Amino acid sequence: MLTVTDLSIRFERYGRGLARTALMPVHHLDLDIGPGEIVAVIGASGSGKSLLAHAVLGILPDNCRVDGEIRFRGEPLTPARQKALRGREIVLVPQSVGFLNPLKNVGAQVRRAAILGGGAGRDAPGITDAAFSRYGLAPAVQALFPFQVSGGMARRVLTATATVGRADLIVADEPTTGLDREASEQSMAFLRQLADEGRSVMVISHDLSAVVPVADRVAVFLSGTTVEGAPAGSFNGHPEALRHPYSRDMWRALPDHGFDPGPDRAAGPAGSPGLAGSGGSGGAANVDDGHADGCPYVRRCARADAACVGMFPPKRHFGRDFVRCRHA
């Protein structure tokens, strides 16, 4: 349904004296989502997850340049095609509740989304009622404006707005933020139901424990790139089922696994002793030539060596799974 290949996102800006500079927060990013799949995009804040979502939807700012390839249903997702499909066949559950229109009550916004998503106008009220009921929102909430609802309620309204239509691809950016455990599980269960009906769902999150139980696959993001793509079940067993040291460290950081740093993590913040002061950038992009300097985990990996500092790791495939690590 969706294939992202070698995606790079570069922002150009002007500094002091009108000097032109560039920042590349996303580079060498790969992802694929099949019909009926939930792919969880996992990573820390600032790792490029939301930028990927905005690139797929075509809502990045004007000072942004996107390289690489994004394909939807096998065809390139050009700006014109993004505009035609956005809100209809590709929808976003945004991270910020600021995406709600402050001048319209939330019920009207969900009804409009139902019509844009392919529902007949006469059916929109019933579809809206069902959506509010599904997310535990009382009928009276429909008459409220965004400033009158709580943060958790606003997130449920956003999810309802994105899922009332017939979109084939749903991009959910941190859909469980602000929700209690029960509401979070219900929200994820409904996304699972949509996937079981044949939709494709990308769930962006930093919360492994919330999304792994319903996901089919996991894409691990670090410093703007995907370092591993693996079945979600790999996070339920032994950490050695995961190929990248960062993925294994994420596994060990889960509460159920005792927050054990494990053997993959270097003892000090500068990485292994032989790399101290080596200048590894942790994956930051070199804006002069458009390439990344070294492995993005080089300063935290106990197995890092001199080659890891100077060379961005190639992508290695294991069937549909992949990893960017010389030591995998």
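Residues numbered from 1 in each chain as written. Predicted model: local features only at pLDDT ≥ 70, side-chain atom pairs only at ≥ 80, totals over all residues. Heavy atoms only, no water.

Helix and strand counts for the chain come out as nine helices and 14 strands. Within the chain, the proportion of its 328 residues that are buried is 49%. Taking the intrachain contacts of the chain between residues at least 6 apart in sequence as the baseline, contacts between residues at least 24 apart amount to 63%. (Helix = DSSP H or I, 4+ residues; strand = E, 2+ residues; numbered from the N terminus. Buried < 20%, exposed > 50% of the residue type's maximum accessible area, 1.4 Å probe, protein only. Contact = heavy atoms within 4.5 Å.)

Turning to the packing of helix 3 (residues 106–116) against helix 4 (residues 124–134), a few remarks are in order. The packing of two helices is summarised by the inter-axis angle and the distance between the axes. Orientation of helix 3 relative to helix 4, taken along the N-to-C sense of each, is 120 degrees, at an axis distance of 9 Å. As for the relative orientation of helix 3 and helix 4, their crossing is right-handed in sense. Residue-level contacts link Val106, Gly107, Val110, Arg111, Ala114 and Ile115 of helix 3 to Ala124, Pro125, Ile127, Thr128 and Phe132 of helix 4. Among the residues making up the contact of helix 3 with helix 4, the classes are represented as eight nonpolar, two polar and one charged. (Axes fitted to C-alpha atoms, helices over the stretch in contact; angles between N-to-C directions. Left-handed = near helix turned anticlockwise from the far one by under 90°. Nonpolar A, V, L, I, M, F, W, Y, C, P; charged D, E, K, R; others polar.)

With that settled, consider the environment of Ser234. Position of Ser234 relative to the elements: it lies in the loop between strand 10 (225–231) and helix 8 (245–252). Distance from Ser234 to Trp251, taken between C-alpha atoms, is 9.3 Å for residues 17 residues apart in sequence.

Turning our attention to the environment of Pro79. Assignment of secondary structure puts Pro79 in helix 2 (residues 79–85). For the pair Pro79 and Ile59, spaced 20 residues apart in sequence, the C-alpha separation works out to 9.4 Å.

Time to look at the nonpolar core. Membership of the largest hydrophobic core comes to 58 residues, with the highest contact counts inside it found for Ile38, Leu191, Val218 and Phe235. Excluding its chain neighbours within four sequence positions, the residues that come into contact with Val218 are Ala40, Ile42, Val212, Glu228, Gly229, Ala230, Pro231, Ala232 and Phe235. Val26, Val41, Cys64 and Phe221 belong to the second largest nonpolar core, which has 30 residues in total. (Core = buried A, V, L, I, M, F, W, Y, C linked by side-chain atoms within 4.5 Å.)

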